[in-house]
Amino acid sequence: MRIDIITVLPELLRSPFEASILKRAIEANLVEVHFHNLRDFATDNYKSIDDYQFGGGAGMVMMIEPIDKCISALKEERDYDEIIYMTPDGETLKQGIANQLSLKENIIILCGHYKGVDQRVRDHFITREISIGDYVLSGGELGAAVLCDAVIRLIPGVLGNETSALTDSFQDNLLAPPIYTKPREYKGWKVPELLFSGNLPEIEKWREDQAYQRTKERRPDLLDE
């Protein structure tokens with residue numbers, strides 16, 4: 001998989017990809033992540049990528065021309081499965097979306113900034129709009145990092161145990177069940193005895209029941225889906 005991220009602040013994005021699972025995935029050549037500074041595609045000497053909005057109003061708007069030039073340059077080199085715009089009014093990121101995107105080959109992610117992008121960008125270039133929640137950030141960079149993390153960890157070979165992702169919260173619309181490790185008892189708090197029984201079918205049934213109960217108590221909306 002290749003992910004190209006268009007941003008005004010590439011320096012803000014780099015650090016999440018220089019540690020832990022994302023770093024290992026890149027070093028293992030399981031994914032390529034490239035950052036493109038939108039100012040490199042500006043058309044004036046001031047490297048301007050935004051201007052006042054027509055009709056008045058507060059906030060600057062990202063101009064269409066630099067974005068068009070950047071996307072067009074990338075599309076000349078390869079085909080893209082999705083061109084994603086990170087925006088608060090996009091579809092809310094859920095595990096199912098991450099699952100879908102993990103199967104793609106080439107993706108562009110456009111990070112919004114300021115008041116947002118010229119609507120014509122959304123009308124003519126963007127194939128999918130994604131939000132990481134009902135709140136507003138200073139830009140789309142942190143949202144893009146969240147999206148990439150959610151997607152990259154699902155690529156075969158990225159996690160040490162590939163079945164780990166299948167038992168994460170939100171797979172099958174359930175939260176994950178309780179999990180335990182050493183010590184067996186701590187300050188009088190004990191691990192359920194069933195987990196030491198070796199009866200794998202019963203343990204699996206217990207985990208399924210616990211996942212259902214936890215979801216029912218904390219996120220009953222997931223059961224409706």
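Not measured: the values here are computed from a predicted model.

Focus: the side chain of Thr87
Part 1: Residue placement: Thr87 occurs in strand E5 (residues 82-92).
Part 2: Assessed through its relative accessible area of 7%, Thr87 is described here as buried.
Part 3: Residue contacts for Thr87: discarding those within four places in its chain leaves Arg122, Glu129, Ile130 and Ser131.

Concerning the UniProt feature "binding site: S-adenosyl-L-methionine" (unreviewed entry) in the chain
Part 1: On the UniProt side, "binding site: S-adenosyl-L-methionine" (unreviewed entry) is annotated at positions that read Gly112, Ile132, Gly133, Asp134, Tyr135, Val136 and Leu137 here.
Part 2: In this structure, Tyr135 sits in the loop between strand E7 (128-131) and helix H6 (141-152).
Part 3: We classify Tyr135 as partly exposed; its relative accessible area is 44%.

Considering the side chain of Arg78
Part 1: Here Arg78 shows up in the loop between helix H3 (64-77) and E5.
Part 2: Only 2.7 Å separates the side chain of Arg78 from the side chain of Tyr80, close enough to count as a polar contact.
Part 3: Ignoring anything within four residues of it in the chain, the contact list for Arg78 reads Arg2, Asp4 and Asn106.

Parameters and conventions
- Residues numbered from 1 in each chain as written.
- Predicted model: local features only at pLDDT ≥ 70, side-chain atom pairs only at ≥ 80, totals over all residues.
- Heavy atoms only, no water.
- Helix = DSSP H or I, 4+ residues; strand = E, 2+ residues; numbered from the N terminus.
- Buried < 20%, exposed > 50% of the residue type's maximum accessible area, 1.4 Å probe, protein only.
- Contact = heavy atoms within 4.5 Å.
- UniProt positions renumbered as here; feature names shortened; annotations may be inferred.
- Polar contact = N/O pair within 3.5 Å; in protein donor to acceptor, adjacent residues only side chain to side chain.

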